[in-house]
Amino acid sequence: MYVDEHVKLWNLASIKIWDVRHRVLHAGEQVKGYRLPASGFLYTTRGSATVTLDGEAHAAQKMQVLHGGKGVCLDITLSEEYFEYYLIFYRASLPVSGSRELQSLLGQHMPFHIQYAFIPSYPVVLYDKVQKIDQYWGQTDALAKFQVKTLFYQFINELMRQLNTQDIQTIQPNLVAQAVRYLHEHYALPIMVDPLAELLDCSAGHLSRMFKKETGSSLIAYLTGIRMSKAKELLLHTDASLQAIAEGIGIPDVIYFNRLFKKHVGVSPGRFRESIISLPTSQDNTKGKSELSIVRRKLRGYIRINDDNHYQYKQKGDLRIPMKSKQSVTMLLLLSLTLLLSACSSSQNSTTANGNGQNNTAQPTASVQPSEHPAAQERVIKHAWGETVIKGEPQHIISLFPAATDYLLALGIVPQAASSNGEDSDEFPTYLSDRLQGKENLGWQVEPNFESILAAEPDLIVGQDFMGDAFDNLSKIAPTLFAEKVKDEQGVIRMKTSLLKLGEMLERTEEAKQVITDYEKLAAEGREKIKQAIGDESVMFLRLSDKEVRYYSKRNYEVLYDDLALQPPASMPDPTESMQVISLETLPSINPDHIILLASDGAEVSEIEKTAVWKSLKAVKNNHVYMADYGLWFQGPGGPIGQSKIIEETVNWLTR
């Protein structure tokens, strides 16, 4: 353990105590599959047990310290008649900007996420701090809460001092192993990438990339494989109805379950049940499939018992869920797509053509090549994901992401179907809904739902650049293009460059130029009005999310800090980072003149408005806090229509 480096980061961090718990487990009780909701210390006081952190087992005796980061899976199995321990959960936020030394430290060390266990040389000193933290945590007055934080810092100080005298080995958490275990244990629950990434304390993009790299599959495709394997097991070994099986594996729509099962297995659930049951036992191919090596052999049940903290679970046996190999799933997917496309082309005389998706032909800019057969109006479009062939003029265009929908509408193209506003929404983005009346809603498509896309029968699919892994499969359905959010050398997303690029691919360059001209005029008028109204007063864009304060850079909000030339607070994050999580306590040191506040939960806003820290801010005292519409301000940045509406709202707020 690099104690000196860790001490530097602890010294710079702003700490918030999330929860403190004191528990005694008795014979027959255990903790199974509990995921830490925040980083935390476990301090043992009596008895002994095997404490497992993400599969790493520790023989825990009295007066031991264990540490794990947010999302770590905790198991406790008793070795004696009882086991007593404390849990102290905390969240650490680092400064939004810092020296090169700090950035270098963060690249190599993260003391708030690593796992370790050690026996203190002077355990009573640490125990005294832990016991008092628990005592004060139960009190409600502000002074007691302040005392908790003071004692926690004293605990960390003593902990670092004792760690410095021992050679302690640390373990970096394996995000993919954590995600795989979570999928196996919770396949029956609604699972999306963003909430799972939040649980594991990382970004959705990072989790998706790491998962694909280590398993060869996207997270949602892997989950579907688990669900289909479980469905086969239930079909084979039970007489449960298809509706009950569908609900039991997390797919409540039995029609969708039938389609998905047939796509992955090759036959309908009913036919599978009939054919497998009639086979000799030796041909039962649903048993004995090997699991990916990253998955632990022993999986956990997820049965909640009656406990206020909801973290102790009773074991419900050892359930192994066989997995189809990712190769066979991919082949079945391609086969089913090919069959469906063949059927569509024979009945509808489709004129669509597929892109070949060769990644090694990436070009720096999109270009349209003339076809050798101009009579067929065929165009070959080169782009970062390969080539896409478009024949004729597409009539049934669908959009798979709100930003792509924004681009299309700005260019005068109204898609026949488009994605929803968010993962739990069946509505279009609020600022685009009036332009999409009567159009089909495809639902949230961050992980493309190939079934709903096939059902929409598109002759052109427009997605977003982060969907690159799905390009090949989408191209099997219809010609596919991805709108790119182009960044400059600073990391700022440039809407005008992005719009021109898509306009070129769609032969709408002149329309794109006109949109940009109108946008620049609107922005120039807005800059002048704001300058006259507030001069050089600072404007800060904040988002409340899951009780965290997120300070956004101009990476996604060029509309504010470049196009409208608003004055940001001095500590705004670097545009290479989209945002920085900060503590509420750091806001007075920034103290902007104006705050634009984005929150999806009104209760969070009410909670923060009650705090003394919030009330002390200059913007709050002067009534210069502006509540942003979530649909517009979260989905709108990067799109010409969204940014135009953001300009109009911002001008209205700052000049009234």
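See above for the structure.
What this report covers is the structure whose coordinates are included nearby. Note that this is a predicted model, so its numbers are computed, not measured.

**Quick look at the overall build of the protein**
- Scanning the protein for helices and strands turns up 24 helices and 22 strands.
- Counting across all 656 residues of the protein, residues that qualify as buried make up 50%.
- Sequence separation of at least 24 residues holds for 70% of the intrachain contacts in the protein that already meet a minimum separation of 6.
- Carbon and sulfur atoms provide 49% of the accessible area of the protein, an area that totals close to 30,200 Å².

**Overview of helix α13 (residues 402-410)**
- Of all nine residues in α13, nine are buried; the element is thus mostly enclosed.
- Looking at α13, one finds that the buried residues are P402, A403, A404, T405, D406, Y407, L408, L409 and A410.

**Quick notes on the nonpolar core**
- Core analysis: the biggest nonpolar cluster contains 70 residues, and F541, L560, I596 and W633 have the highest contact counts within it.
- For this core, the leading source of residues is helix α17 (residues 509-534), giving seven residues.
- Ignoring any residue separated from it by four or fewer positions in sequence, one finds W633 in contact with F541, Y557, L560, I596, L598, A628, I646, E649, T650 and W653.

**Observations concerning the packing of aromatic side chains**
- Applying the stated criterion across every chain yields a total of 27 aromatic pairs.
- Plain terms: the ring middles of F401 and W444 are 5.5 Å apart, the flat faces sit at 45° to each other, and that makes the pair tilted. Highlighted residues: F401 in the loop between β13 (397-399) and α13 and W444 in the loop between β15 (440-441) and α14 (450-455), separated in sequence by 43 residues. As far as burial versus exposure is concerned, F401 and W444 are alike and both buried.
- Considering the side-chain rings of W633 and W653, the 5.5 Å spacing of their centres and the 25° angle between planes classify their relative orientation as stacked. Note that W633 is positioned in helix α23 (residues 630-635) and W653 in helix α24 (residues 640-655), a separation of 20 residues in sequence.
- Among the residues examined, W653 registers a relative accessible area of 10% and is labelled buried.
- Through a chain of ring-to-ring contacts, three or more aromatic side chains come together here, namely W10, F41, Y90, F112, F152 and F155.
- Positioned over the ring face of W137 is K145, at 4.1 Å from the centre of the ring.

Rules used in this analysis
Numbers given for residues are sequential positions, taken from 1 along each chain in its written order. Residue-level local features of this predicted model are given only where pLDDT is at least 70; pairs of side-chain atoms are given and counted only at 80 or more, and the full residue set underlies all totals for whole chains, interfaces and linings. By convention in this description, side-chain values take in all heavy atoms of the structure and omit both hydrogens and water. Each helix corresponds to a stretch of at least 4 residues labelled H or I by DSSP, and each strand to a stretch of at least 2 residues labelled E; elements are numbered beginning at the N terminus. For the exposure calls, accessible area comes from a 1.4 Å probe over protein chains only, and a residue counts as buried if that area is under 20% of its type's maximum, exposed if over 50%, partly exposed in between. The contact criterion used is simple: two residues touch if any of their non-hydrogen atoms lie within 4.5 Å. Working definition of accessibility: Shrake-Rupley area with a 1.4 Å probe, residue cover restricted to the visible protein chains. To form a nonpolar core, buried Ala, Val, Leu, Ile, Met, Phe, Trp, Tyr and Cys residues must be joined to one another through side-chain atoms within 4.5 Å. Here is the rule: rings of Phe, Tyr and Trp (six-membered ring for Trp) pair when centre to centre is within 6.5 Å. Planes less than 30 degrees apart are stacked, more than 60 are edge-to-face, and the remainder are tilted. Consider the ring centre and the ring normal. A charge sits over the ring if Lys NZ or Arg CZ is within 6 Å of that centre and within 35 degrees of that normal.

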